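Okay, here's what each chain looks like letter by letter:
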Amino acid sequence: MKKVLWSLALGSLLAMASCKESPKLSQSGLLPLPQEISDGSGTYELGASSGIKLTGSSERLTGIGEFLAEKLRPATGFDFPVSFDAGDIELELTGNDDSESYELTVTADGVKISSTGEAGLFYGVQTLLQILPAEIYQANLQNQSWMIPQGMIKDSPEFEYRGSMLDVARHFISVADVKFYLDQMAQLKLNYLHLHLTDDQGWRIEIKSWPKLTEIGGSTQVGGGKGGFYTQEDYKEIVAYAAERFITIVPEVDMPGHTNSALASYAELNPGVNLPNGKLDSVNKAPLDYSMPTRNPQASELYTGIEVGWSTFAPKLELTYAFVDSVVREITEITPGPYFHIGGDESHVTEKEDYIYFVERVQDIVSKYGKTSIGWDEVATAKLLPGNVAQFWAKEENAKLAKDQENKVLMSPAKKIYLDMQYDSTTRIGLHWAAYVELDSAYLWEPTEYAPGISKEHILGIEAPLWTETVVNREDINYLAFPRLAAAAEIAWTSKDRRNWEGFSKRLPAQGKRWDVQGVGFYRSPKVTW
Ligand code: TNX
């Protein structure tokens, strides 16, 4: 009798304990925070008989189902068949638009994600993975149960452009490392990856009609390492991998400044007044008469330092535009997304009027190939074509120039969102010319109030750039990008009234666990109780 009583007591104690620990949807550490979460009571458990049921029809529906199944199989060891017949996880497509909104419901009978668009369905899938135990991200079998809290989530993004940038020019980043980064971006519901493909130190994309760009211009990097480049096949592989994750690649060829790698590859692109170290001769620079018959251009030397603002294409030279045309043509041919980034920053040795002439001609070339130009904020000093975008990084007056021309602004204020800024003075890598950017600082800013006169309707979205002067490998990328990329993602996705530091910092430890499981060595900011 005593024994029975004891086991009853123990049983109810255990029940209480497990009840207390029964996870709540609102406490799953969702990042970015959804627009609406309502908790239910109880959980739903995935099991060996779980499957994915597709409802609706579209080209990519099966692909999204398979994507989810592939994420669920390794850690659970369950089969997760994907079919149009049955399954306790239903992916329901109710339309065929490009909506990124979704609804996710978990009941005692299973899970249902529904959206009018494929992208929305995909983001619902990402949310489902986040409300499962973090071990779901393990690549091998985990011996545990797979409980999901009951309740409902309604979600949609604040900004249509939610991006990050990798500078693959200062240090080359391998295809595998770019893919790893894309996986992390997708989990945070980011949808644009901007690749900074060229700079003084390296040319990283094969251009078949100008092969020396990569043969010579791709052969080194900051610090003098061996560099590298993407063949067009590699680039297509990145584009396709990104597209499977609803991420659009934005290629950048930075010009007319930041062009030494091209100038080192082809002598004829040089104005003919340069010094052997690649710097412009300040005596000869003044009249810049590139058409002079005596023009005798020399290829500049490869450059492995980190100074900026000293190189330039020759804007008065017709060959420059034939060159740009080929480059834009070859890259846009393998870029399905709508944007081509023309750089345009820090052209300190280009005459102002030449700079404007250059930007306007290059915009026309990009437009001829059916793409919309994005440029760093300086491009707004030129006349922008309708629909083109200025990426604000430093100068508020440039953002205003863009707005006054009715062009949209992409927000990347260096003081807040540059992932290469050190967290503090002890951070082992990174720069600090803009600021030290601790995690709270990276989170606590409001894009619609940051630059005077630039409000919601002028903003295309948010982008977090990672410049790589001090970044050599995946470990370095992870250390600088995380957790700050999560802050950027939340600012881009979650509406202003839902965002606060308190909530963000409390949700981060759950995300930290997900990163740990995936081998993302993130920075354990002292501002968070991990
Ligand atoms: C400024 S931001 C640059 C880059 C550097 C970066 C380092 C911008 C458009 N230009 O060339 O890599 O600072 O933080």
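Q: Explain the overall build of the chain residue by residue, including any values.
A: When you go through the chain residue by residue, the secondary structure sums to 17 helices and 17 strands. The globule rule puts the C-alpha radius of gyration for 530 residues at 24 Å, and the 25 Å found for the chain is close to it. Here the C-alpha coordinates of the chain stretch approximately 110 × 50 × 45 Å along the principal axes. Counting the 530 residues in the chain, one finds 58% classified as buried. Contacts in the chain between residues at least 24 apart in sequence constitute 73% of all its contacts with a sequence separation of at least 6. Across the chain, the mean location of the 49 positive side-chain charges is 4 Å away from that of the 72 negative side-chain charges.

Q: Go over the sheet that holds strand E2 (residues 52-55), please, and point to the residues and values.
A: Taken together, the seven strands give an open sheet; going across it, the order is E1-E7-E5-E6-E4-E2-E3, and neighbouring strands pair in mixed fashion. Here the strands that pair on one side only, and so sit at the sheet edges, are strand E1 (36-46) and strand E3 (82-83). One ladder, built from five bridges, connects strand E5 (residues 102-107) with strand E6 (residues 110-117); its direction is antiparallel. By the bridge assignment, Val-106 is partnered in E6 with Val-111.

Q: Give me the lowdown on the confidence of the model for the chain, citing residues and values where you can.
A: Summary statistics for the chain give a mean pLDDT of 93 and a share of 91% for residues scoring 70 or more. For the chain, per-element mean pLDDT is lowest for helix H8 (residues 282-285), which scores 40, and highest for strand E9 (residues 192-196), which scores 99. Residue range residues 10-19 is modelled with pLDDT below 50. Its contacts to residues more than four positions away, or to other chains, number zero contacts. Counted against residues more than four places away or in other chains, residues 274-294, with its pLDDT under 50, gives 42 contacts.

Q: Run through the sheet that holds strand E12 (residues 248-255), naming residues and quoting values.
A: Within the closed barrel, the eight strands sit side by side as E8-E9-E12-E13-E14-E15-E16-E17. Their pairing is parallel. Taken pair by pair, the neighbouring strands of this sheet meet at an average axis angle of 30°, ignoring direction. Note that strand E8 (residues 161-167) and E9 share five bridges and pair parallel. Each residue of the ladder has a partner; that of Ser-164, found in E9, is Leu-193. Each of E12 and strand E13 (339-343) is contacted by helix H9 (residues 318-333), which is oriented at about 170° to E12, the strand it contacts most.

Q: Could you give an account of the nonpolar core, naming the residues involved and the relevant values?
A: Counting 150 residues, the largest nonpolar core has Leu-128, Tyr-181, Leu-193, Tyr-230 and Phe-323 as the members making the most contacts within it. Among all residues touching Tyr-230, those that are not within four sequence positions of it are Val-168, Phe-172, Ile-173, Ser-174, Val-175, Val-178, Leu-197, Arg-204, Ile-205, Glu-206, Tyr-235 and Ile-238. Judged by nonpolar contacts, the second largest core, of eight residues, contains Val-250, Ile-374, Val-389 and Leu-410.

Q: Give a description of the site of the ligand that names residues and reports values.
A: The immediate surroundings of the ligand are formed by 14 residues, with Arg-170, Tyr-418, Asp-420, Trp-433 and Glu-469 found nearest. Contact distances for the ligand include 3.2 Å between a nitrogen atom and a side-chain N or O atom of Glu-346. Here the ligand loses 97% of its free accessible area of 360 Å² to cover by the protein chains. For the shell around the ligand, the per-class residue count stands at eight nonpolar, one polar and five charged.

Q: Go over the side chain of Glu-92, please, and point to the residues and values.
A: Mapped onto the secondary structure, Glu-92 falls in strand E4 (residues 89-97). Beyond its immediate stretch of four places on either side in the chain, Glu-92 contacts Thr-55, Lys-112, Ile-113, Ser-114, Ser-115 and Leu-121.

Q: Which residues make up the packing of aromatic side chains, and what values do they have?
A: Scanning the model with the defined rule gives 33 aromatic pairs in all. One aromatic cluster in this structure is built from Trp-203, Trp-210, Tyr-266, Phe-313, Tyr-321, Phe-323, Tyr-357 and Phe-358. The side chain of Lys-189 reaches across the aromatic face of Trp-493, ending 5.8 Å from its centre. The ring of Tyr-241 has Arg-245 lying over it, and the distance from NZ or CZ to the ring centre is 3.6 Å.

Q: Which residues make up the pairing of E2, and what values go with them?
A: Burial along E2 is one-sided: the face carrying Ile-52 and Leu-54 is buried and the face carrying Lys-53 and Thr-55 is not. In terms of handedness, the path from E2 via helix H2 (residues 61-76) over to E3 forms a crossover that is right-handed. Note: E2 against E4, four bridges, orientation parallel. In the sheet register, Leu-54 faces E4, and the bridge partner there is Leu-91.

Q: If you had to explain helix H3 (residues 118-131) to someone new, which residues and values would you point to?
A: The terminal C-alpha atoms of H3, which comprises 14 residues, lie 20 Å apart, in line with the 20 Å expected from a rise of 1.5 Å per residue. Buried residues dominate H3, accounting for 14 of its 14 residues.

Q: Which residues make up helix H6 (residues 232-244), and what values go with them?
A: For H6, which comprises 13 residues, the first-to-last C-alpha distance of 18 Å matches the rise-based estimate of 18 Å (1.5 Å per residue) to within 8%. When we look at burial in H6, the residues that qualify are Gln-232, Tyr-235, Ile-238, Val-239, Tyr-241 and Ala-242. On its buried face, H6 is in contact with helix H4 (175-187), E9, E12 and H9. The first or second residue beyond H6 is Phe-246, which carries a positive phi of 60°.

Q: Tell me what's going on with the pairing of strand E7 (residues 146-155), and back it up with residues and numbers.
A: In terms of burial, E7 is a largely internal element, seven of the 10 residues being buried. Across five bridges, E5 lies against E7 in antiparallel orientation. Within E7, the residue paired with Thr-105 across the bridge is Met-152.

Q: So, the pattern of salt bridges: which residues are in play, and what are the values?
A: Applying the stated rule across the entire model yields 25 salt bridges. With a shortest N-O distance of 2.6 Å, Lys-368 and Asp-325 are connected by a salt bridge. Taken together, the residues span a long stretch of sequence, with Lys-368 in helix H10 (residues 352-368) and Asp-325 in helix H9 at a distance of 43 residues. We classify Lys-368 as exposed; its relative accessible area is 55%. Ionic pairing is found between Arg-524 and Asp-516, a salt bridge with its closest N-O pair at 2.7 Å. Of the residues examined, Arg-524 reaches a relative accessible area of 45% and is grouped as partly exposed.

Q: Tell me about unusual backbone geometry, residues and numbers included.
A: Geometrically, the link from Leu-31 to Pro-32 is a cis peptide bond, its omega value of -5° lying close to zero. Residue position: Pro-32 is located in the loop between helix H1 (2-21) and E1. Omega for the peptide link from Met-255 to Pro-256 comes to 5°, which places this bond in the cis form. Relative to the elements of secondary structure, Pro-256 occurs in the loop between E12 and helix H7 (260-265).

Calculation rules
- Residues numbered from 1 in each chain as written.
- Predicted model: local features only at pLDDT ≥ 70, side-chain atom pairs only at ≥ 80, totals over all residues.
- Heavy atoms only, no water.
- Helix = DSSP H or I, 4+ residues; strand = E, 2+ residues; numbered from the N terminus.
- Rg over C-alpha atoms; globule rule 2.2 N^0.38 Å.
- Buried < 20%, exposed > 50% of the residue type's maximum accessible area, 1.4 Å probe, protein only.
- Contact = heavy atoms within 4.5 Å.
- Lys, Arg positive; Asp, Glu negative; His and termini not counted.
- Charge placed at Lys NZ, Arg CZ, Asp CG, Glu CD.
- Pairing = 2+ DSSP bridges.
- pLDDT = per-residue confidence, 0-100.
- Axes fitted to C-alpha atoms, helices over the stretch in contact; angles between N-to-C directions.
- Core = buried A, V, L, I, M, F, W, Y, C linked by side-chain atoms within 4.5 Å.
- Near = heavy atom within 4 Å.
- Polar contact = N/O pair within 3.5 Å; in protein donor to acceptor, adjacent residues only side chain to side chain.
- Areas by Shrake-Rupley, 256 points an atom, 1.4 Å probe, with all protein chains shown as cover.
- Nonpolar A, V, L, I, M, F, W, Y, C, P; charged D, E, K, R; others polar.
- Phe/Tyr/Trp six-rings, centres within 6.5 Å; stacked < 30°, edge-to-face > 60°.
- Lys NZ or Arg CZ within 6 Å of the ring centre and 35° of its normal.
- Right-handed = clockwise from strand over helix to strand, strands pointing away.
- Expected span 1.5 Å × (residues − 1).
- Salt bridge = Lys/Arg side-chain N within 4 Å of Asp/Glu carboxyl O.

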